[in-house]
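# Fold and geometry: a report
Residue-level listing of the chains:
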Amino acid sequence: MKRFSTIILALIVAVAPLYAQKNPDLRWLPKTPSHRAELILPQVKGYNIYKADLHIHTVYSDGDVSAKGRVTEAYYDGLDIIAITDHIEYRPYEAQMLKATQGYHEGGAPKPKNHHLTYKPASEEGILADLNVPYNEAKKPGERLGMVVIPGVEMTRHPDKIGHYNFLFIEDANTIYDPDPEQSIRNAKKQGALVMHNHPGWRRKTVDMNEFHQRLYDEKLIDGVEIVNGGSFGPKLIHRCLDRKLFMAAATDIHSTTAHSYGQRDYFRTCTFVLAKDLSLKSVREALEKRRTLAFSHNNVMGEEKLIEEFFHNSVSMKVIYTSSKGEKTVVMTNTTSIPYRLRRGGKGEGTLLDPFQSITFKVAKDKDLSFTVMNLWTADDEHPNSKRLHVCYPAKLLNKK
Ligand SMILES: [Zn+2]
Ligand SMILES: [Zn+2]
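Attention now moves to the sheet that holds strand β19 (residues 391–394). The antiparallel open sheet is built from four strands, whose spatial order is β15-β14-β17-β19. On the outer flanks of this sheet lie β15 (352–354) and β19, each paired with one strand and no other. Recorded for the sheet is a direction-independent mean angle of 35 degrees between the axes of neighbouring strands.

Glancing now at the packing of helix α2 (residues 67–76) against helix α4 (residues 133–144). Their axes nearest at 7 Å, the elements α2 and α4 cross at an angle of 35 degrees. In this structure, α2 meets α4 at a crossing whose hand is right-handed. Contact residues: A67, K68, R70 and V71 in α2; P134, E137, A138, P141 and G142 in α4. Across the contact of α2 with α4, the residue classes break down as five nonpolar, one polar and three charged.

This part is about the environment of D355. Tracing the backbone through its elements, the reader meets D355 in the loop between β15 and β16 (359–364). Sequence separation of D355 and E154 is 201 residues, and the distance between their C-alpha atoms is 37 Å. With sequence-adjacent residues up to four places away left out, D355 is seen in contact with N335 and P340.

Turning next to the sheet that holds strand β13 (residues 329–335). If you walk across this open sheet you meet the three strands as β12-β13-β16, and the pairing is antiparallel. The sheet terminates laterally at β12 (316–323) and β16, the two strands that pair on one side only. Direction aside, neighbouring strands of the sheet carry axes that sit 25 degrees apart on average. With six bridges joining them, β13 and β16 adopt antiparallel strand pairing.

As a further point, take α4. Where α4 is concerned, the buried positions are P134, Y135, E137, A138 and G142. Down the axis of α4, the sector holding all buried residues measures 160 degrees, keeping them to one side. Across α4 from its buried face, at more than 90 degrees, point the exposed residues K140, E143 and R144. The inward-facing, buried residues of α4 contact α2, β2 (81–84) and β3 (148–156). In the segment just after α4, G146 is the residue with positive phi, at about 70 degrees.

Most of strand β9 (residues 271–276) is tucked away, with six of its six residues classed as buried. By the alternation rule, side chains of β9 split into C271, F273 and L275 and T272, V274 and A276, which are all buried. Sheet analysis places strand β1 (residues 48–56) next to β9, joined by five bridges and oriented antiparallel. When the bridges of β9 are listed, Y50 appears paired with V274. As defined by bridge partners, β9 adjoins strand β10 (residues 293–297) across four bridges and the pair is classed as antiparallel. Bridge pairing links F273 to L294 in β10.

Along strand β17 (residues 370–374), the buried face is formed by L370, F372 and V374; none of S371 and T373, which line the opposite face, is buried. In terms of strand pairing, strand β14 (residues 341–344) meets β17 through two bridges, oriented antiparallel. When the sheet's bridge partners are listed, L343 is paired in β17 with V374. Here β17 runs beside β19; their pairing, made up of four bridges, is antiparallel. Within β19, the position partnered with L370 by the bridge is Y394.

Cut-offs and rules
- Residues numbered from 1 in each chain as written.
- Chains lettered and ligands numbered in written order.
- Predicted model: local features only at pLDDT ≥ 70, side-chain atom pairs only at ≥ 80, totals over all residues.
- Pairing = 2+ DSSP bridges.
- Helix = DSSP H or I, 4+ residues; strand = E, 2+ residues; numbered from the N terminus.
- Axes fitted to C-alpha atoms, helices over the stretch in contact; angles between N-to-C directions.
- Left-handed = near helix turned anticlockwise from the far one by under 90°.
- Contact = placed C-beta atoms within 7 Å.
- Nonpolar A, V, L, I, M, F, W, Y, C, P; charged D, E, K, R; others polar.
- Buried ≥ 20, exposed ≤ 12 C-beta atoms within 10 Å, placed from the backbone.
- Arc of directions from axis to C-beta.

See the structure below:
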């Protein structure tokens, strides 16, 4: 054994100078590993929670980052699933792209055509760009990082009269556009797309539906709603999703870098929690179809009551550590997740913060329940902020058992 190690050592000594001589002008500083943000979450209903951003732009429409760059950014931001959803109708960088390739064209760069169709229909030449390029660019890098990349696009029409819609799980982005927005949606549906109504309140005075929206929803052309877009949250949209059985999503709709919008690590980026059995395109789609999603933004979690309640209960553990001679209990509550919870006991105020991976203690009088409102969990709209938020109760008889 000793002889063997001597041989290895001799080999290292012999080979090392060869490497050093490769470029004697360079010194190698200690390598810093790249850190990925992680949001630690519980399982809910036996499913894993994966983090998805279903609404992302790149330089192929009006974003500042390449499609491949979006994958790297999302990976280090802690996401598992992304959809690159560039605008079909609005692609302002196309002029720059053509200019960059002008050497390839006799007589200079051609002018972009039909690259701004938000308010007017395309000429008969139609869209000349290949709209599948961003997905094709992102797919392989995503696979190499163990992520799911969903093929998608965003239909981008008049914000008030028609609105914006993401088509997810499409087959061919180039055969979707039609001057008639409803026909575009039907073209996407024909490919098996799930349709998400994006930012329903953007550049409008209300999130409520107009006649056009009503028709789409009534004809079951909508599968989900973006109840949070970046930092803008429409509490009333939770009701719409519950009433019409639609998945709830929160997405960044990121155009610049996420470091710019989410202050490096101050906030995890807005995303949708997808409750799926594994990380595959099929399981992610199944979770959206079955509406097993929660919306997450700026440490608020929104969703269907039965999912939100289990999410909270699986996030905290409770232990009675002491019972006084008068029967008063000291209860320790421990948060085993990365989500800080704002707990309010009784009527007013913001309450107590239960930080991630920390514990707090409560005193509970004899035979009293321990009940509180979790201020950053949302299960219904917010017209009466103090009465409609999730209320969690640990009954006295349960505490007595512990
Ligand atoms: Zn949009
Ligand atoms: Zn968008």
